[in-house]
Amino acid sequence: MRPPIKILLAAAALTVPLVVPLSATAESPDPADSGAIAETSYAVPGLAEPVSMTVDKWGVPHISASTTGDLFQAQGFNAARDRLFQMDTWRRSGLGELSEVLGKNYVEQDRAARLFLYRGDMDKEWASYGPEAKEIATRFASGVNAYVDWLEKNPDAVPEEFRKLGYKPARWKPEDLVRIRTHGLVSNLTNEVTRAKLMCLGGPDASKYLARLEPKHKPKVPDGLDLCSLPDDVLATYQLATTPVTFNNGKMVKKPEEAPALREGMGGSNAWAVSPRRTSTGRPILAGDPHRANTSAPSNRYITHLSAPGLNIIGAGEPWNPGVSMGHNGKISFGLTNLAADQSDLYVYDLKPGDPTKYRYGGRWVPMNTAEEDIPVAGESARKSSLSFTRHGPVVKVDEAKNKAYAVRTVWTQPGTSAYLGSLRFQKAGDLDTFSKAVRHWKAPGSNLVYADKKGDIGWVPGALSPKRVGKGYDGLLPVPGDGRYEWAGFRNSADFPVTRNPKSGLVTSANEYNFPGDEEALGYEWSERYRKDRIDEVLSKQSGTSVKDTMDLQNDVKSLAVSEILPYLKDLESSDPTTKKALDLLRGYDGVASKDSAGAVLFETWITNVLYPAWAQTLLPKEAAQYLTQGKLMQDFRVVTDSFAEPEEWFGKEGAQARDKLILDTLPKAYDEVSGYLGADPAKWRWGSAQIHVFMRPLGGPYVGGAQADGTYHTVRMSMYLPNRFPRIQIAGPTFKMALDVGSWDDSRVINAPGQSGDERSPHYADLAAKWNVGEYFPLLYSKEAIAENAETRITLNPA
């Protein structure tokens with residue numbers, strides 16, 4: 001769901017053993033083999049009528065209520081029943097209330113989070129999500145609290161994490177759901193700083209080595225910006241605010257500021273719709289698989305089915321959000337990918353000498369706004385904390401010695417930018433027109449909504465709140481002075497964007513690629529590589545009768561078009577060096593399918609990430625710039641490498657083709673030797689699955705879930721983002737939730753959500769789906785009452801108290 005992923009990660013911070021045993025879940029019996037249907041009930045204050053809930057054999061709750069108010073209260077109750085510790089951690093982290101239960105080490109993280117809370121007009125905030133949003137959030141929070149109240153009377157049911165950490169789950173307020181912003185995705189704050197530092201070290205043209213910009217563009221240095229002046233820790237507070245909470249056996253692994261900084265961009269997604277004339281059934285098919293950080297147990301997606309008069313919707317969302325953001329309502333279906341609208345900027349201010357509380361704006365010294373807050377600390381007195389804000393946003397760094405301050409401006413300060421809650425507006429939509437009108441209000445994160453309905457219509461509807469930037473040299477790619485010359489003059493919103501309806505191709509596909517060509521006012525310049533998008537188009541365009549099975553196969557496709565793009569440059573190369581020759585021979589026979597059994601995938605991925613990319617940067621950039629670009633980072637936008645190979649004279653200079661070929665020949669044996677050092681000298685025994693693994697990590701440590709061999713790469717439809725500079729490579733981002741919807745024959749739809757629906761280790765649904773997910777298996781996404789009853793595992797009744 002992102003533009004080219006640029007993540008600054010301290011690889012050593014992710015402590016995963018070199019040998020990780022397979023979880024017992026790999027041998028778990030099929031849920032269909034379980035025994036009789038269990039019955040249970042709860043008393044829930046606030047309900048008007050009883051609510052029934054059937055949990056099927058895969059852990060999916062099907063909730064049925066007499067009113068939508070009762071329905072969303074039941075959704076909150078059930079979400080807490082399955083995911084309470086995850087939800088409580090999300091809430092405390094987002095509100096800045098970790099220190100209250102975890103102690104003084106979290107004070108700075110709490111302060112950072114509080115800087116980014118929504119502090120605007122709450123009436124406008126609620127109205128942004130639709131007329132029912134406040135009531136929905138109120139009932140959802142009431143449901144969460146009802147379960148917390150139940151746990152007070154039934155302490156044996158409290159999730160183990162709370163007992164180990166020694167505190168109780170908090171109660172929620174409705175506004176907690178919307179004030180938290182730091183879990184949302186925005187572009188491209190960290191890239192602004194990276195680009196500025198790279199241009200400082202490598203010169204004004206060095207930006208092109210960071211990423212291919214679309215539309216084609218050369219960043220302009222704003223007047224008054226010193227590219228070399230940015231402190232190394234200028235975004236430390238922002239990164240701290242967006243850093244997940246890290247535990248190990250009930251204790252912190254390290255202080256939050258030392259935790260790995262997962263920069264915005266940790267994601268990606270695929271979604272597509274196939275028209276009835278191209279499918280095997282004559283019904284549309286809609287597919288979706290969002291990509292996010294995927295190493296946690298549980299993951300950040302949760303499947304639920306919500307039914308009440310006027311609403312019958314099923315699909316996935318984040319457990320702390322009411323409603324469903326990806327799925328169907330029996331009439332229409334919808335999935336989403338990230339749209340790379342640039343929704344953030346870093347501002348640089350001159351401070352008044354001797355008074356760091358004032359900054360220059362409009363030719364005068366303007367006071368910062370401040371908020372004094374007490375941060376409760378477990379076992380100690382509260383810490384006084386002063387939060388400062390400029391007219392643009394929260395101040396994240398003050399350098400009194402140089403009289404400089406830095407603030408972050410994001411759309412998060414605008415009403416209606418709580419991530420994915422915009423989906424509440426289209427939960428009841430019945431056609432593409434109604435759906436499109438609802439998406440006009442969508443603000444954050446920028447998203448491509450892919451659509452299909454029972455009538456046979458398919459479409460693409462983009463949604464984002466996109467700043468209109470005004471100022472000489474202000475394109476959003478670099479920080480800007482905060483003196484008034486560079487401003488946001490309002491916003492473009494979803495109503496300004498095009499909508500695709502029933503294209504002639506019969507296909508709507510989205511994989512975070514640049515999809516706003518000809519746009520005069522760019523939404524952003526940093527988009528994902530097209531490899532996934534082009535592979536999806538390649539496969540679907542050749543199919544005349546696409547089925548749900550074909551859809552699942554494509555979601556698990558590991559053919560890399562990056563391989564197809566670069567291997568032709570090896571075709572005519574020769575070498576007398578035996579190691580180089582072996583590397584050439586192996587890669588020439590590599591078909592680009594990054595399966596677990598592939599030897600070519602091991603060598604190719606090691607070559608391009610660990611050897612070729614750093615050597616390429618060292619060849620083309622000054623030493624310090626090359627080191628900055630490549631040290632401690634995942635591989636950047638691979639298109640810049642292929643661009644340089646295609647235009648060698650422009651990139652490498654005179655006799656550029658020879659320089660390119662020499663670079664290839666010099667780096668191949670190093671990659672071959674590196675793989676040999678890990679997997680042995682015989683390439684016949686090399687396997688990509690031996691070099692890349694995936695684990696789901698419990699929040700407080702303990703045995704990992706999985707430890708399974710993984711396939712795919714960042715460039716494949718089944719996307720795998722991994723840490724390259726270690727062995728085995730640890731997959732850290734990709735899809736955990738995937739759906740393939742048979743539009744109109746809903747019970748024939750298929751879905752997977754790894755490692756399991758529940759976040760409670762005692763539940764049979766904590767990790768029961770991990771083994772299925774790893775081998776590309778799905779289960780039915782049941783919608784009809786008959787199918788749900790036939791596959792029921794537990795029946796729960798929520799009674800008014």
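Cut-off values and rules
- Residues numbered from 1 in each chain as written.
- Predicted model: local features only at pLDDT ≥ 70, side-chain atom pairs only at ≥ 80, totals over all residues.
- Heavy atoms only, no water.
- Pairing = 2+ DSSP bridges.
- Helix = DSSP H or I, 4+ residues; strand = E, 2+ residues; numbered from the N terminus.
- Contact = heavy atoms within 4.5 Å.
- Axes fitted to C-alpha atoms, helices over the stretch in contact; angles between N-to-C directions.
- Parallel < 35°, antiparallel > 145°, perpendicular 65-115°, else oblique.
- Nonpolar A, V, L, I, M, F, W, Y, C, P; charged D, E, K, R; others polar.
- Core = buried A, V, L, I, M, F, W, Y, C linked by side-chain atoms within 4.5 Å.
- Buried < 20%, exposed > 50% of the residue type's maximum accessible area, 1.4 Å probe, protein only.
- Expected span 1.5 Å × (residues − 1).
- Polar contact = N/O pair within 3.5 Å; in protein donor to acceptor, adjacent residues only side chain to side chain.
- Disulfide = S-S within 2.5 Å.

Draft legend 1. Structural context of the sheet that holds strand β1 (residues 38–44). Taken in spatial order, the 11 strands make up an open sheet running β1-β31-β2-β3-β6-β7-β8-β9-β17-β18-β22, and their pairing is mixed. Strand pairing shows two members of the sheet lacking a second neighbour, β1 and β22 (500–501), which therefore form its edges. Where strand β7 (residues 311–317) meets strand β8 (residues 326–328), three bridges bridge the pair, whose relative direction is antiparallel. Bridge pairing links I314 to H328 in β8. Across the sheet, helix α10 (residues 432–439) lies against β9 (332–338), β17 (447–453), β18 (458–463) and β22, angled at about 10° from β18, the strand it touches most.

Draft legend 2. Spatial organisation of the packing of helix α1 (residues 68–95) against helix α3 (residues 107–115). Relative to each other, α1 and α3 sit at 75°, their axes nearing to 6 Å. Between α1 and α3, the angle is such that the two are roughly perpendicular. Here R92, S93, G94 and L95 of α1 lie close against α3, whose contacting residues are Q109, D110, A113 and R114. Among the residues making up the contact of α1 with α3, the classes are represented as two nonpolar, three polar and three charged.

Draft legend 3. Highlighting the environment of P309. Mapping P309 onto the fold places it in the loop between β6 (302–308) and β7. Separated by 172 residues in sequence, P309 and A137 have C-alpha atoms that sit 19 Å apart. Among all residues touching P309, those that are not within four sequence positions of it are A65, S66, T67 and T68.

Draft legend 4. Structural detail: the nonpolar core. Counting residues in each nonpolar core, the largest one holds 133 residues, and the members touching the most others are F426, F435 and L798. Here this core gets 11 residues from one element, more than from any other, and that element is α1. Within the second largest apolar cluster, 53 residues are counted, among which are Y613, L629, F652 and F727.

Draft legend 5. Representation of helix α8 (residues 189–202) within the structure. Look at α8: 20 Å from first C-alpha to last across 14 residues, which is about the 20 Å you get at 1.5 Å a residue. Within α8, 11 of the 14 residues are buried, leaving the element largely enclosed by the surrounding structure. Listing the buried residues of α8 in full gives L189, T190, N191, E192, V193, T194, R195, A196, K197, L198 and M199. Along its buried surface, α8 packs onto α9 (236–241), β10 (344–352), β16 (404–410) and α16 (623–630). Phi turns positive one or two residues past the end of α8, at G203, with a value near 100°.

Draft legend 6. Structural view of the side chain of N556. Assignment of secondary structure puts N556 in the loop between α12 (548–555) and α13 (561–566). At a separation of 2.8 Å, a polar atom in the side chain of N556 contacts the side chain of R718. Once residues within four sequence positions are removed from consideration, N556 is found in contact with R718, K738, G776 and Y778.

Draft legend 7. How the structure looks around the pairing of strand β5 (residues 285–293). Among the nine residues that make up β5, eight are buried, leaving the element largely enclosed by the rest of the structure. The sheet contact formed by β5 and strand β28 (residues 737–742) spans four bridges and is antiparallel. The partner of A287 across the bridge, within β28, is A740. Judged from the three bridges that link them, β5 and strand β27 (residues 729–735) form a sheet pairing that is antiparallel. By the bridge assignment for β27, A293 is matched with A733.

Draft legend 8. Highlighting the state of the cysteines. Tallied over the full model, the rule gives one disulfide. There is a disulfide in this structure between C200 and C228, and the S-S distance comes to 2.1 Å. Judged by the sign of its S-S torsion, about 110°, the cystine formed by C200 and C228 is right-handed. Residue C200 is located in helix α8, and its partner C228 is located in the loop between α8 and α9; the two are separated by 28 residues in the primary sequence. Residue classification places C200 among the partly exposed residues on the basis of a relative accessible area of 28%.

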